[in-house]
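Residue-level listing of the chains:
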Amino acid sequence: MKPEGLVLINNEGLRTDGRTLNDLRKTEIILGYLKHANGSVYYKQGNTKIVAAVFGPSEAHPRHLALPDRAILRVRYHMAPFSVEERKSPAPTRREVELSMVIRNALEPIVISELFPRTLIDIFIEVIQADGGTRGAGVTAAALALADAGIPLRSLVAACAAGKVDGKVVLDLNDLEDKYGEADMPVAYLPTLNKISLLQMDGKMKVEEFKEALSIAINGCMKLYQAQVGAIRNKYTLEDQG
Amino acid sequence: MSITPEKPIISKIMKDNMAKLLEENKRLDGRSLTQYRDISFATDVIQKAEGSAQVNIGHTKVLVGVKMGTGAPFPDTPNQGVLTVNAELLPLASPTFEPGPPDERAIALARYVDRSVRESEAIDLESLVVVPGKLVHIVYIDVYVLDYDGNLIDASVLAAVKALETTKFKKVIRENDQTKFSDELVPLPLKERPVSVTTAVVDNKLIVDPDLIEEQAAETLITFTFTEAQDIVAVMKNDQGFISPEQVLEALKISIEKARELANKMGWWEGG
């Protein structure tokens with residue numbers, strides 16, 4: 001139930017955090033955030049904060065999970081107990097089990113897994129603060145960590161949500177908008193291939209609103225993709241060698 | 001943790017045959033691209049349950065039982081009854097289903113059925129409150145997959161809603177600060193009958209209601225759930241692989257039409 005008097009979009013069309021309907025939250029990317037992981041990133045989108053790490057490709061254990069023609073991906077999406085208002089038990093919830101699967105499904109098409117048969121690539125996504133859009137942020141962060149680990153990719157993938165709040169279609173919902181809005185729709189998009197690898201919706205939207213939400217979500221993903229590319233260039237472009 | 005599963009191997013001859021037929025807009029079992037398999041259903045199949053229904057789509061068989069209970073509401077929704085959905089992919093339904101607690105596929109299925117029922121506001125949850133914040137009715141939906149031949153989501157959503165429609169239960173009534181069960185059975189108040197439609201992308205063609213072989217050959221699957229007023233209440237791209245934005249919109253267009261057809265078959269959304 002929406003608390004009485006809570007206004008998510010004011011008369012000037014601004015949202016609770018001052019954004020317009022089509023604004024993404026500010027992002028911050030620190031590649032190589034962790035020392036021991038093969039690839040890692042600290043990713044911040046508004047107040048949603050994620051640490052993601054990639055290990056591998058390494059020998060698959062247990063052995064029977066290995067596939068003869070490709071690497072397998074193992075994805076864990078996990079929320080820290082302190083990442084939300086009420087402490088969350090650290091044991092995996094049904095939501096986390098589902099999200100681990102949809103995030104893996106969003107990443108499968110980008111990894112050129114046939115290059116590393118019989119191996120395992122581990123992708124760990126820790127949500128250290130949740131303020132809406134964590135599955136999208138998890139996908140965006142995981143793609144960065146995969147790139148940072150030097151794993152060959154077909155494309156990067158960026159993800160963000162669009163949805164419906166106070167009757168209007170908006171981009172990149174924060175926690176309040178997710179809780180008290182009418183619909184939330186995370187989308188993961190591969191800009192170089194024009195493909196969607198994650199699409200979920202939960203809430204209620206008219207067909208026209210769905211189309212609009214899909215289109216602004218894809219635009220949002222394009223912007224995040226540019227941020228991803230920028231961060232990777234920043235870290236890996238060699239200094240001018242004269 | 002979610003691990004890449006082994007993809008079932010389809011023989012090359014089968015794959016080639018499927019591709020060749022699809023080029024002519026035909027399918028292995030003779031259906032058109034937008035044709036569902038035969039759908040049949042039975043209700044009140046489990047007398048011990050407050051509501052039940054079995055839906056068969058082709059060889060896919062899903063049985064849903066609804067049990068009613070009482071308990072405390074969630075703290076953040078003191079004025080609503082509780083809805084919980086569980087799904088079991090029974091080992092007798094497929095060689096790929098293992099005994100044991102629900103795996104990620106079962107959890108994803110249960111959560112999709114939950115979203116379809118909850119977001120469409122199918123059940124009048126507010127009418128299930130006895131004492132606000134203290135005592136409410138709980139609706140338990142258990143999805144039992146008996147035979148898996150593709151398109152579990154659509155069969156499960158149809159069976160769940162059909163089972164809810166047949167649910168009759170003894171309501172808790174309050175009299176002078178005392179609570180007791182009503183003598184008469186009352187029907188569960190339903191406001192909406194949501195319907196889902198699943199489309200598969202195979203060789204860049206969209207086909208509705210994929211059977212098992214088509215699911216295995218599919219690049220990916222996408223499901224939409226609609227209300228009678230054509231609101232979209234749940235969407236899920238399922239499985240590995242990807243889909244273009246244009247294909248999403250095309251699948252949406254087909255699904256809107258198919259949803260009405262399915263609903264009519266179940267005796268819903270008449271006169272639309």
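Residue positions are given per chain, counted from 1 along the sequence in the order it is written. Key to labels: chains lettered from A, ligands numbered from 1, both in the order written. With the structure being a predicted model, the display of local features is reserved for residues of pLDDT at least 70 and the display and counting of side-chain atom pairs for 80 or more, all residues being used for whole-chain, interface and lining totals. With hydrogens and water excluded, all non-hydrogen atoms of the structure serve as input to the side-chain values.

Asks: I would appreciate a short explanation of the overall build of chain A in the present structure.
Replies: The helix and strand labels rest on DSSP assignments: H or I over at least four residues marks a helix, E over at least two residues marks a strand, and numbering proceeds from the N terminus. The helix and strand tally for chain A stands at four helices and nine strands. Going from the N terminus to the C terminus, chain A shows its helices and strands as β-β-β-β-α-β-α-β-β-α-β-β-α. It is over C-alpha atoms that the radius of gyration is taken, and the globule rule equals 2.2 Å times the number of residues to the power 0.38. By the compact-globule yardstick of 18 Å for 242 residues, chain A fits well, its C-alpha radius of gyration being 18 Å. Once the C-alpha set of chain A is aligned to its principal axes, its extents read approximately 55 × 50 × 35 Å. Each residue's exposure class comes from its accessible area (1.4 Å probe, protein chains only) as a fraction of the maximum for that residue type: buried when under 20%, exposed when over 50%, partly exposed otherwise. Going through the 242 residues of chain A one by one, you find that 54% of them count as buried. Only heavy atoms enter the contact rule, under which two residues are in contact if any of them lie within 4.5 Å. In chain A, 67% of the contacts between residues at least 6 apart in sequence involve partners at least 24 apart. Per-residue and other accessible areas follow the Shrake-Rupley method at a 1.4 Å probe size, with only the shown protein chains counted as cover for residues. Just so you have it, chain A exposes about 10,600 Å², and 52% of that area is on carbon and sulfur atoms.

Asks: Would you explain the sheet that holds strand 9 (residues 195-205) of chain A in this entry?
Replies: Two orientations exist for strands paired in a sheet by backbone hydrogen bonds: parallel and antiparallel. A pair of strands is labelled paired if DSSP reports no fewer than 2 bridges between them. A sheet is described by the order of its strands in space; here eight strands give the open sequence 7(A)-6(A)-8(A)-9(A)-13(B)-12(B)-10(B)-11(B), paired in antiparallel fashion. One side of each edge strand has no neighbouring strand; the edge strands of this open sheet are strand 7 (168-171) of chain A together with strand 11 (205-208) of chain B. With strand direction ignored, the average angle separating the axes of adjacent strands in the sheet is 20°. Angles shown run from 0 to 180 degrees and are taken between the N-to-C directions of axes, each axis being a line fitted to C-alpha atoms and, for helices, limited to the stretch in contact. Across the sheet, helix 2 (residues 104-119) of chain B lies against strand 9 of chain A together with strand 10 (195-202), strand 12 (220-226) and strand 13 (232-238) of chain B, angled at about 165° from strand 13 of chain B, the strand it touches most.

Asks: Looking at this model, I keep getting lost on the pattern of salt bridges. Mind explaining?
Replies: It is possible for side chains of opposite charge to pair when their charged atoms get near one another. Salt bridges are identified by distance alone: a Lys or Arg side-chain nitrogen within 4 Å of an Asp or Glu carboxyl oxygen. For the coordinates displayed, the defined rule picks out 37 salt bridges over all chains. With a closest N to O distance of 3.7 Å, Arg19 of chain A and Glu177 of chain A form a salt bridge. Taken together, the residues span a long stretch of sequence, with Arg19 of chain A in the segment before strand 1 (27-31) and Glu177 of chain A in helix 3 (residues 175-180) at a distance of 158 residues. The residues Arg19 of chain A and Glu177 of chain A share a single accessibility class, namely buried. As a salt-bridge pair, Asp16 of chain B and Lys12 of chain B come within 2.9 Å of each other at their nearest N and O atoms. On the criterion of helical spacing, the pair formed by Asp16 of chain B and Lys12 of chain B is a turn pair, its members being four residues apart in helix 1 (residues 12-23). Since its relative accessible area comes to 40%, Asp16 of chain B is described here as partly exposed. Classification of Lys12 of chain B by relative accessible area gives exposed; the value is 62%. One salt-bridge network, held together by shared partners, links Arg15, Asp17, Arg19, Arg25, Asp131, Asp172 and Glu177 of chain A.

Asks: Explain the interface of chain B and chain A to me, please; I cannot follow it from the model alone.
Replies: When the parts come together, some accessible area is lost, and that loss is often what is quoted as the size of the interface. Between chain B and chain A, the contact holds 46 residues from the first and 42 residues from the second. When two parts are brought into contact, each loses some accessible area as probed by a 1.4 Å sphere; the total of that loss over both is the buried area. Across the chain B/chain A interface, buried area totals approximately 3,800 Å², and carbon plus sulfur atoms make up 60% of it. Remark: the boundary between chain B and chain A carries five salt bridges. Polar contacts, as counted here, are pairs of nitrogen or oxygen atoms within 3.5 Å of one another; within protein the pair requires one atom able to donate a hydrogen and one able to accept it, and residues that are adjacent in sequence qualify only if both atoms are side-chain atoms. The interface formed by chain B and chain A holds 16 residue pairs in polar contact (both at pLDDT 80 or more) in total. Those elements giving two or more residues to the side of chain B that touches chain A turn out to be strand 1 (2-3), strand 5 (82-89), helix 2, strand 12, strand 13 and helix 5 (245-265) of chain B. Counting residues per element, the side of chain B that touches chain A draws most heavily on helix 2 of chain B, at eight residues. Across four bridges, strand 9 of chain A lies against strand 13 of chain B in antiparallel orientation. Residue Met205 of chain A lies in a different strand from strand 13 of chain B, and its bridge partner there is Ile232 of chain B.

Asks: Even after reading the chapter, I still don't get the sheet that holds strand 1 of chain A, so can you show me in this structure?
Replies: The six strands lie next to each other as 1(A)-2(A)-3(A)-5(A)-4(A)-1(B), forming an open sheet whose pairing is mixed. Two strands bound the open sheet, and with one partner strand each, they are strand 1 of chain A together with strand 1 of chain B. Where strand 1 of chain A and strand 2 (residues 39-45) of chain A come together, five bridges link them in antiparallel fashion. Each bridged residue has a counterpart across the sheet, and for Ile29 of chain A the counterpart in strand 2 of chain A is Tyr43 of chain A. Against the sheet, helix 4 (residues 207-236) of chain A engages strand 1 and strand 2 of chain A, with an angle of about 35° to strand 1 of chain A.

Asks: Help me understand the side chain of Arg104 of chain A, please; the structure alone is not making it clear to me.
Replies: On the secondary structure map, Arg104 of chain A appears in helix 1 (residues 94-107). Here Ser2 of chain B takes part through its side chain, which lies 2.7 Å from a polar atom of the side chain of Arg104 of chain A. Setting aside anything within four residues of it in sequence, one finds Arg104 of chain A in contact with Leu73 and Val75 of chain A together with Ser2, Ile3, Thr4, Pro5, Glu104 and Gln240 of chain B.

Asks: Would you explain the packing of helix 1 of chain A against helix 2 (residues 134-148) of chain A in this entry?
Replies: In a pair of packed helices, the angle between the axes and the distance between the axes together describe the arrangement. Residues and elements named next belong to chain A. Axis separation between helix 1 and helix 2 bottoms out at 10 Å; the angle between their running directions is 45°. As far as their axial angle goes, helix 2 and helix 1 are oblique. Handedness of the helix 1/helix 2 crossing: right-handed. Only Thr134, Arg135, Val139, Ala142, Ala143 and Leu146 of helix 2 make contact with helix 1, whose side of the interface consists of Arg95, Leu99, Ile103, Ala106 and Leu107. We call Asp, Glu, Lys and Arg charged. Ala, Val, Leu, Ile, Met, Phe, Trp, Tyr, Cys and Pro are nonpolar, and the rest, Gly among them, are polar. A breakdown of the residues in the contact of helix 1 with helix 2 according to their chemical character gives eight nonpolar, one polar and two charged. Here roughly perpendicular refers to angles of 65 to 115 degrees, roughly parallel to angles under 35, roughly antiparallel to angles over 145, and oblique to all remaining angles. For any pair of crossing helices, the crossing counts as left-handed if the nearer helix is rotated counterclockwise from the farther one by less than a right angle, and right-handed if it is rotated clockwise.

Asks: Whenever I open this one, the packing of helix 2 of chain A against helix 4 of chain A confuses me. Can you help?
Replies: All names here are of chain A. One can describe the packing of helix 2 onto helix 4 by two numbers: an axis separation of 11 Å at closest approach and a directional angle of 25°. As far as their axial angle goes, helix 4 and helix 2 are roughly parallel. Every pair of crossing elements has a handedness; the one defined by helix 2 and helix 4 is right-handed. Packed against helix 2, whose contacting residues are Thr140, Ala143, Leu144, Ala147 and Asp148, the element helix 4 presents Leu224, Gln228, Ile232, Lys235 and Tyr236 at the interface. Broken down by class, the residue content of the contact of helix 2 with helix 4 amounts to six nonpolar, two polar and two charged.

Asks: I tried to follow helix 5 of chain B on my own but got confused; where do I start?
Replies: Structural remark: α-helix, 3.6 residues per turn; residues separated by three or four positions point the same way. Residues and elements named next belong to chain B. Given a rise of 1.5 Å per residue, 21 residues ought to cover 30 Å, and the 30 Å separating the end C-alpha atoms of helix 5 matches this to within 8%. Among the residues of helix 5, those classed as buried are Pro245, Gln247, Val248, Ala251, Leu252, Ile254, Ser255, Ile256, Lys258, Ala259, Leu262 and Ala263. Once helix 5 finishes, Gly267 follows within two positions and takes phi at roughly 85°, a positive value. To estimate the expected span of a helix, subtract one from its residue number and multiply by 1.5 Å.

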